Amino acid sequence: MMQQRAIKKVLIVGGGTAGWMSAAMLARFMGQQVQIQLIESDAIATVGVGEATIPAIQHFNAALGINEAEFLQATQGTIKLGIQFENWGKPGDSYMHAFGPIGKPLGFTSFHHFWLAARARGDSRSFWEFSLNYQAARAGKYQPLAQIPNTPLQGLVHAYHFDAGLYAAFLRRYSERLGVSRTEGTIAAVTQHPSEAIAEVVLTDGQKLAADLFIDCSGSRALLIGQQLAVGYEDWQHWLPCDSALAVPSAATQPILPYTRAIARDAGWQWRIPLQHRTGNGLVYNSQFLSDEQAQHTLMHHLDAPALAEPRKISFVTGRRKQQWQHNCVAIGLSSGFLEPLESTSIHLIQSAIVRLVQCFPTSVDMAKLRQEYNRQSAEEYCAIRDFIILHYHLNQRTDQGLWQYCQQMTLPDSLAQRIALFAENAAVFRQQDELFTEVAWQQVMLGQHVLPKHYHPLAESLSAGQLTGFLDDIQLIMQRTAAQLPSHQQFLQQSAAQQ
């Protein structure tokens, strides 16, 4: 009979972005079937650094029925069209991981093969001349554009920059309207069933909270999944050696750029994320090669506006929990693992975890098969994102000793080494169907960091020199004209605010 008991209550341990994103999604889709309670303590600070996202966040907000203008206003949000990487190849280099497509494929052949064929014939145009997202980002422009008018070409693809604390508060209000109950308190003890599944948490005031399914959103403390259930952690610092970050807000600057900046420094890299009311800044670094004092000097020296607070230190170990769902406990957010924010995946990993849980939601406490599949999918997702982040570090051509030299010489995961070799030889990029990053994303990082393939697809030779030039000319002209007609990002934000 125990094995057939239905899931009637879910307890979320921890608030912040992870907790309230989980609460909101569960309330939206499971609120009629289960009771949802969230416990958090105002005395425990959340990390709250993740302010940049990737385009999939639109699907999350849309699933919740959130109005974009309301969301931007509530979170002081801005538009993000891509990430500009500076100094990652050689000092002075710059390229962008622009969202959306680049160019137009012909048949089954990706556009970059035709661009490489033209380059071999002496065409000097940048790959990004054929990206609408790049052209709009660099010009500081944006408006919603699903498709380029009078063409079959996709329009702009966007994500957001927003204040993570304000987003959590926004989702708290959303969740509570849908019946999620919030309990203020600090956990003093956790009890387990004889089966080792979690039975209840005990608060410092003696209150006991039981549930059938627990979601651990307690951050890097991993109160349930790590401390109580003793699930191990897979350490990836040999591939992603940065272990520290300093974060500091600075005053907003004008114009507000519609892209993130990731700027390589001596022993790490700096982020710059423009919001409406401030700019988010930080420095990710390796503490063996850079002291905290040196890191603070580097960060503060490179601010583009006055700081609004003192820098805050964050220590971390890159990696993942070996099982992200153990017994009746699912880890979401930092309790499940940490991949540094280079490609803005932290909030996405929260999103994908809670969506995966909804898809795998158990009908009873007998959840072993669903748990196994959830863990398989989670492991694949983490490893694929890990490889994409390692790619940036490994392909650097900097001459700095220490971090950058180590990353050039380190042994890669086999999965990543194979991808780089395949692209370097034949310009080919293949990905698993459910992988997060697109083929175009991989192309941009490898081309942006000077991996120029020896060969390209033979179909790219099927066009004459004149046909190839004309094909590229047409696409470039469409992108330039479309970008030129867009309003500024600032105008879009003002119009969005006026709708409220």
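Here we summarise the structure given alongside this text. (Residues numbered from 1 in each chain as written. Predicted model: local features only at pLDDT ≥ 70, side-chain atom pairs only at ≥ 80, totals over all residues. Heavy atoms only, no water.)

**Comments concerning the sheet that holds strand β21 (residues 337-338)**
The following threshold applies: Two strands make a pair as long as DSSP finds a minimum of two bridges between them. Working definition: helices are DSSP H or I runs of at least four residues, strands are E runs of at least two. Numbering for both runs from the N terminus. Here, two residues are considered to be in contact whenever any of their heavy atoms come within 4.5 Å of each other. A fitted line through C-alpha atoms serves as each axis, taken over the contacting stretch for helices, and the angle formed by two N-to-C directions is quoted from 0 to 180°.
The antiparallel open sheet is built from three strands, whose spatial order is β12-β18-β21. Sheet topology places β12 (233-235) and β21 at the edges, where each strand pairs with a single neighbour. Bridge analysis of strand β18 (residues 319-321) against β21 gives two bridges, and the strand direction is antiparallel. Looking across to β21, one finds that Gly319 is bridged to Phe338. Helix α10 (residues 368-394) rests against β18 and β21 of the sheet, and its axis sits at about 175° to β18.

**What about the pairing of strand β8 (residues 187-192)?**
Bridge analysis of β8 against strand β9 (residues 198-203) gives five bridges, and the strand direction is antiparallel. Along β9, the bridge assignment pairs Ala189 with Val202. If you look at the hairpin formed by β8 and β9, you'll find five residues sitting between the two strands, and Glu196 has a positive phi there, around 80°.

**Some details on helix α15 (residues 489-498)**
As a reminder of what qualifies: Only protein chains enter the accessibility calculation, which uses a 1.4 Å probe; a residue is then buried when its area is under 20% of its type maximum, exposed when over 50%, and partly exposed in between. Read the arc as the range of directions from the helix axis to the C-beta atoms.
Considered for burial, the residues of α15 that qualify are His489, Phe492, Leu493 and Ser496. For α15, the arc enclosing every buried residue in end-on projection is 100°, short of the 170-degree limit, so these residues lie on one face. Facing away from the buried surface of α15 by more than 90 degrees, the exposed residues are Gln494 and Ala498. Contact partners of the buried residues in α15: α3 (68-75) and β3 (78-80).

**Some thoughts on unusual backbone geometry**
With an omega of -5°, the peptide bond between Gln254 and Pro255 qualifies as cis. Structurally, the position occupied by Pro255 is in the loop between β13 (244-251) and β14 (260-265). In this model, Ala222 sits at a positive phi of 45°, which is unusual for a non-glycine residue. Along the chain, Ala222 turns up in the loop between β11 (213-216) and α7 (223-228).

**Some details on the packing of helix α9 (residues 346-359) against α10**
In plain terms, the rule: Roughly parallel means an angle under 35 degrees; roughly antiparallel, over 145; roughly perpendicular, 65 to 115; everything else is oblique. In this scheme the crossing of two helices becomes right-handed for a clockwise turn of the near helix relative to the far one and left-handed for an anticlockwise turn of less than a right angle.
Axis separation between α9 and α10 bottoms out at 11 Å; the angle between their running directions is 160°. By the criterion of interaxial angle, the relationship of α9 to α10 is roughly antiparallel. At the point where α9 passes α10, the crossing takes the right-handed sense. Residue-level contacts link His348, Leu349, Ser352, Ala353, Arg356 and Leu357 of α9 to Tyr374, Gln377, Ser378, Glu381, Tyr382 and Ile385 of α10.

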